[in-house]
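# Chains, contacts and geometry: an overview
Read off the chains here:
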Amino acid sequence: MSVLRKFALRNRGLAAGAATVVIAVVLGLFAVTWFVLRPERKAPESQRNERVAKRVAYRANLAAGAAALDRDDIPAARRYLDDTSPELRGFEWRHLRARLDESWLRIETGSDVVSGVRFGDEGRVVIVGIESDPAVAARFDAETGERLPDSDPTMRLSSFGVAPLRPNEPCLQPDGRVELRDPDTGRVSSFVVDAPMSLAPGARLRSLTISRDGRTIAFDARRADGVVAPYIGVFGEGRLEARPLDFRSCGSLRFRSDGLELVGTNEYAPPRIWSVSTGDTVRDLQGPVGAVFAIDWSDDGRSIVAGSDDSMVHEWDARTGKQIAVGRGHIDFVRAIAISPDGSTVASGSHDRTIRLWDAATLSERAVLRGHEGAVRIAAFSPDSTRLASVGEDQTVRVWDATRRGDPRVLRGHTSDVNPVAFSPDGSMIASGGRDNTVRLWDAATGQIVATLRSHDREVVSLAFSPDGSRLVSGDGAGRLVLWDVRACAAIRSMEGNALPDVPVLFRRDGAAILVPPDKDGAVRTWSLADGSVSRGDLTTLRDVAGPSVSVDGSLAVLPWTTVDRGVRVVDVASGRLLWEIGGLIPRTAAFSPDGRRLSIVSAGDEVVIFEARSGRRIASLGGSSFACNCALWSPDGSRLVTGGHDNSVRFWDAESLEELASFVEHTGYVGSMAFSRDGTQLASGSGDGTVRVWDTVPIGDRARGRRGPRERRGPPDGR
């Protein structure tokens, strides 16, 4: 080094040049390295920005899709949901997607012009009229939608649907003649229409209907003077003697069940009732109503229901003509009306693409059926009133469950707040408990109540099914536990109030015992299902316990807290070693994520706090000042955290980023409890509005096919 120093002192210019070269080389190498590595450093940043943009777009599309569903705009909702990134789609996306089509069965007709629909063969076949060339009466299996042979030579195009010619059913031919099958011999007769006021040449008969006794027919047609008017006709030998009625531009005609009176609609005047024997006007129906497009008469003859261009459904007392009820809910013209054969339900179809089911006595809305992507024009009930077929301007015929009482995602029956809910292990049943001191069991597929269990004198605050689903344990606000036989819907035994009511009840994995919430001493105890005995245990008993306070693999547990020492303690189950604890946090519920990495605790401060399960490091908190949270749980696949709050909302969060993905406010009261089905296809939420809502991610048609299972191809019932 000394030699170099002396050389530099003697040759200062040369040394300075050499130093400059070295510095330049170093700077050059640094610059090259920087430019080489710069894209690698920028790549992760650009990827992060891209992921953020995708998540923002995902949330925006979900919100837009939900808003479109609220407007019943199915096509728009489908576009928004289809425009989301597939890798981000989770429960909330599948739930919205399932709501796009709530029909039991979808039949693609392939035709823009479907003249009608009805059920045949005691409801086992759907018969669709397709105005092709020639017109056909297509037959479909009412369960599978499979096309059946159209081998009946007597099938013709009829007025309010297409059907095989049955006794006393008229059928219109393209040349204006009417055909009728003799009820005794089955022979088809053809009738030429003979009217006092001649029909226009080539006039087509419309709104064709016949009385139940088969003696009288009603239709409307264009007269020779160009006026469209209704006619009443009586069948004779080869002729149909018809007389015109004092009415114009008739759109729909219906006989009373006894055939003595006829009601007709007019776009420019209230509906009118005529005497069939005289053709005289009996009365005009009273009350404000727009142009009426569809009308039906109840089987008992006491009421008439119609749909009009004022977006309402109107009901009249047929004996007085006074309007007795109005159904409001549609937002566009009502084009289809049908009254169920049992007289309990009215169905209406509208240009707003929905079908609504109404209570026939009051026109209070029972359900909204969504799925059609075009105006609904025709509707018809099955003979047993359990199903409804509809025709939409989307080239489809759909079959619906007509037995629904209210929205099928709402379970009604509790008379007060609903707090705990639980799915049976196989997902077939939902249990709910409430402040009305009852436990209710529901069929998860249909929403129908199975049983109401009464044994508690205080509100029910906890529920748990045994691993095999045969037993159910419920706990009330006094700490009393009741064990139920699910199949018999009967109480087996009870344990009186010696348990903390706000600590969850857990079954052992073998179903032989229940981990009993501790009393004030905080001891872990088990309640034997065999003999009802109670024994004190230790932490090793938690290995065999499955529940929200024990991790899925059984390695970690949140120890039950006591009324004196409120706080959170997480222990290693195998060793009993305390891993971490935190004071000052008064917990309501706790749940481990499926992979055991995270722990969510809902505190008395209305927030959800997320911890690393083994270290206790606080990751994030949700709610609190933003919204008051009551409950939280992880989805079975671990991709979502779901919270329920005092703002009536159910919120979905990304489990990793803890970003809010969607918020649904469908309850009208606080959300106090939630439970996922084991397969993650359903979420049940209990609310202060007294209802349980079931959030589906599988379309109802797919669920129905799954319940039916594979079946052999079935031909027409008559063997054709």
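Below, the structure is looked at part by part.

Rules behind the numbers
- Residues numbered from 1 in each chain as written.
- Predicted model: local features only at pLDDT ≥ 70, side-chain atom pairs only at ≥ 80, totals over all residues.
- Heavy atoms only, no water.
- Core = buried A, V, L, I, M, F, W, Y, C linked by side-chain atoms within 4.5 Å.
- Buried < 20%, exposed > 50% of the residue type's maximum accessible area, 1.4 Å probe, protein only.
- Helix = DSSP H or I, 4+ residues; strand = E, 2+ residues; numbered from the N terminus.
- Contact = heavy atoms within 4.5 Å.
- Pairing = 2+ DSSP bridges.
- Axes fitted to C-alpha atoms, helices over the stretch in contact; angles between N-to-C directions.
- Polar contact = N/O pair within 3.5 Å; in protein donor to acceptor, adjacent residues only side chain to side chain.
- Salt bridge = Lys/Arg side-chain N within 4 Å of Asp/Glu carboxyl O.
- Phe/Tyr/Trp six-rings, centres within 6.5 Å; stacked < 30°, edge-to-face > 60°.

## As for the nonpolar core
One finds V642, V650, M674 and L683 to be the most contacted residues of the largest nonpolar core, which totals 26 residues. Every element with two or more residues in this core is listed here: helix 2 (12-70), helix 3 (74-82), helix 4 (91-98), strand 51 (629-634), strand 53 (650-654), strand 54 (660-664) and strand 55 (671-676). It is helix 2 that provides the largest number of residues to this core, a total of five residues. Look past the residues within four positions of V642 in its chain and what remains in contact with it is C631, A632, L633, V650, R651, F652, M674, F676 and L683. Listed in part, the 17 residues of the second largest apolar core include L105, I107, V126 and A380.

## So, the sheet that holds strand 26 (residues 365-370)
Strand order in the open sheet made by the four strands is 23-24-25-26, with antiparallel pairing throughout. The open sheet is flanked by strand 23 (334-339) and strand 26, the only strands paired with a single partner. Neighbour-to-neighbour, the strand axes of this sheet turn through a mean angle of 20°, independent of strand direction. Here strand 24 (residues 345-350) runs beside strand 25 (residues 354-359); their pairing, made up of five bridges, is antiparallel. Of the residues in strand 25, the one forming a bridge with T345 is D359.

## A few points about the sheet that holds strand 31 (residues 418-423)
Spatial ordering of the open sheet is given by 31-32-33-34, a layout of four strands whose pairing is antiparallel. This sheet does not close on itself; its edge strands, each paired only once, are strand 31 and strand 34 (449-454). Mean inter-strand twist for the sheet, computed between neighbouring axes without regard to direction, equals 20°. Where strand 32 (residues 429-434) and strand 33 (residues 438-443) come together, five bridges link them in antiparallel fashion. By the bridge assignment, G433 is partnered in strand 33 with V439.

## A few points about the side chain of R651
Mapped onto the elements of the fold, R651 is located in strand 53. Residue classification places R651 among the buried positions, given a relative accessible area of 13%. Within the structure, the side chain of R651 is placed 2.6 Å from the side chain of D647, a separation counted as a polar contact. A polar atom in the side chain of R651 sits 3.1 Å from the side chain of E660.

## Points about the pattern of salt bridges
In this structure the tally under the stated criterion is 39 salt bridges. For E92, the salt bridge is made with R640, and the minimal N-O distance between the two is 2.8 Å. One end of the pair, E92, is in helix 4; the other, R640, is in strand 52 (residues 640-645), and 548 residues separate them in sequence. Given the relative accessible area of 4%, R640 is considered buried. One salt bridge in this structure joins E108 and R106, with 2.6 Å as the shortest N-O distance. In this structure E108 comes out as partly exposed when scored by relative accessible area, which is 47%. Judged by relative accessible area, R106 falls into the partly exposed class, the value being 38%.

## Here's the deal with the packing of aromatic side chains
All told, the structure shown has nine aromatic pairs when counted by the stated rule. Their ring planes at 80° and their centres at 5.1 Å tell us that F247 and W274 sit as a pair that is edge-to-face. Of this pair, F247 sits in the loop between strand 14 (239-244) and strand 15 (250-255) while W274 sits in strand 17 (residues 269-275), and the two are 27 residues apart along the sequence. What makes F247 buried here is its relative accessible area of 6%.

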